[in-house]
Structures are given as C-alpha cells and as structure tokens.
Amino acid sequence: MPKTFVQSTDDVVKFLTDQHNLIKDLFEEVFSASSDEAREAAFVELRQLLAVHETAEEMVVHPRARAVVADGEAIVEARLQEEHAAKEQLSKLESLDISSKEFITELEKFRDAVIDHADHEEREEFSELSREIDAAGLERMAKAVQAAEAIAPTRPPHPGVESAKLNFAVGPFASMLDRARDLIGSALK
C-alpha cells in the first residue's frame, strides 16, 4: 500500500496538496534509486499513490468542483483530459524495462505532465473550492477523499476510466483484485 499519510486531514485542499508534494518526492525517489530493485519499488509505490489519489479526485473532488466552481465543468473536463493522457503515458512506462534509458526519458515526460496537472488542479480547482466551501465542508470532503482512497484500486485504471460513476462501479472490485495481486506479489519476493 502506498504512503498516503499526510499531516493535514481536516481540509481536502491541504490533504490533496500534501499528496501532490508526496508524489513529487516519490518521483525523485524513482530517479535517484541506487539499484533497479529500488527503482522498481519506488515506481510501484508512486504508481499506487497516483492510482488512489486520482480515483479519489475523480469520485469526490471533480464532481464537487463541477457543482460549485465558476466554469467548473470546463475546468474539470480539462483535468480529466490531462488524467487520460497521463494514464496513457503510465501504461507505456509500465511496458518498458525499468533499467533502460528509455524508461528514464519517458518517466521525465510523465513527471512533467503530472506536476503540470497538479499545478492546474491547485490553481484552478482547489483554490476555488477553498473559496466556495466552508471549513466544515472541506473537512467532510477530506473524509470522503480518504474513504475513496481506502477502496480505490492500487493500479491505475485504463485510460477512459475518468468519471465518478465508473470509479464507483468498478473501483471496489478492482481494488479487491489489485490488493490481492499486491499481497501475492509481495509474498513472492
């Protein structure tokens, strides 16, 4: 299971921003790994955190932003397009040899896209949610995000699964399968 722990759990914006920072740190762990095994372990952890984080945003944050943020529909659609592209990039990364130069080159592109996506979320979506929702509402959303992450699949869904409805429909079953695969994989190492 990925390190999803962050200090602030009483404000969804702070919680997700802290996770964005953790994601950036995990990218650096992958790049600075001293062995292929360490690189793979860091990459798996990064992939798992991205999977649960994006699923929770798709299930909780984006629907709320659509409802309360001015021009929320367009903002969320742009973020979903970025998420779709990132899932395609991640799928390509997963097919590469982790020790190859091509993996590092593609990972750099992926990191840049993920950081750009996070910056857009923080500027265009999260800041507006902070303005439109009171502290109690932000705390309720943080609890909902944490609950969504607890049941989210630990492997990124295929590109095209960027909606709350699809995540609610396939999320718990996929999560069960992913967590079983993760347990089996760790038992075999």
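A brief structural summary. Quick caveat: nothing in here was measured; it's all calculated off a predicted structure.

What counts and how
- Residues numbered from 1 in each chain as written.
- Predicted model: local features only at pLDDT ≥ 70, side-chain atom pairs only at ≥ 80, totals over all residues.
- Heavy atoms only, no water.
- Axes fitted to C-alpha atoms, helices over the stretch in contact; angles between N-to-C directions.
- Helix = DSSP H or I, 4+ residues; strand = E, 2+ residues; numbered from the N terminus.
- Parallel < 35°, antiparallel > 145°, perpendicular 65-115°, else oblique.
- Left-handed = near helix turned anticlockwise from the far one by under 90°.
- Contact = heavy atoms within 4.5 Å.
- Nonpolar A, V, L, I, M, F, W, Y, C, P; charged D, E, K, R; others polar.
- Phe/Tyr/Trp six-rings, centres within 6.5 Å; stacked < 30°, edge-to-face > 60°.
- Buried < 20%, exposed > 50% of the residue type's maximum accessible area, 1.4 Å probe, protein only.
- 1 Å grid on protein atoms, 1.4 Å probe; cavity = no way out; pocket = protein on both sides within 12 Å on 5 of 7 lines; lining within 4 Å.
- Points joined across faces, edges and corners; volume = space filled by probe spheres on them.

## Quick notes on the packing of helix H2 (residues 36-68) against helix H5 (residues 135-151)
- Interhelical geometry of H2 versus H5 gives an angle of 140° and a closest axis separation of 8 Å. With respect to each other, H2 and H5 are oriented oblique. The hand of the H2/H5 crossing is right-handed. Seen from H2, the contacting residues are Val 52, His 53, Ala 56, Met 59, Val 60, Val 61 and Arg 64; seen from H5, they are Met 141, Ala 144, Val 145, Ala 148, Glu 149 and Ile 151.
- Within the contact of H2 with H5, the residues separate by chemical class into 10 nonpolar, 1 polar and 2 charged.

## A few points about the packing of aromatic side chains
- Enumeration according to the criterion identifies 2 aromatic pairs in this entry.
- With a centroid separation of 5.3 Å and 80° between ring planes, the pair formed by Phe 43 and Phe 103 is classed as edge-to-face. Of this pair, Phe 43 sits in helix H2 while Phe 103 sits in helix H4 (residues 101-132), and the two are 60 residues apart along the sequence. In terms of burial, Phe 43 and Phe 103 fall into one category: buried.

## Some details on empty space enclosed by the protein
- Within this structure, the stated rule accounts for 2 cavities of 30 Å³ or more.
- Lining of the second largest cavity is provided by His 20, Ile 23, Lys 24, Leu 50, His 53, Glu 54, Val 114, Ile 115, His 117, Ala 118 and Glu 121.
- When residues of the lining of the second largest cavity are traced back to their parent elements, those giving at least two are helix H1 (12-32), H2 and H4.
- No other element matches H4, which puts 5 residues into the lining of the second largest cavity.
- Taken together, the residues that form the lining of the second largest cavity break down as 5 nonpolar, 3 polar and 3 charged.

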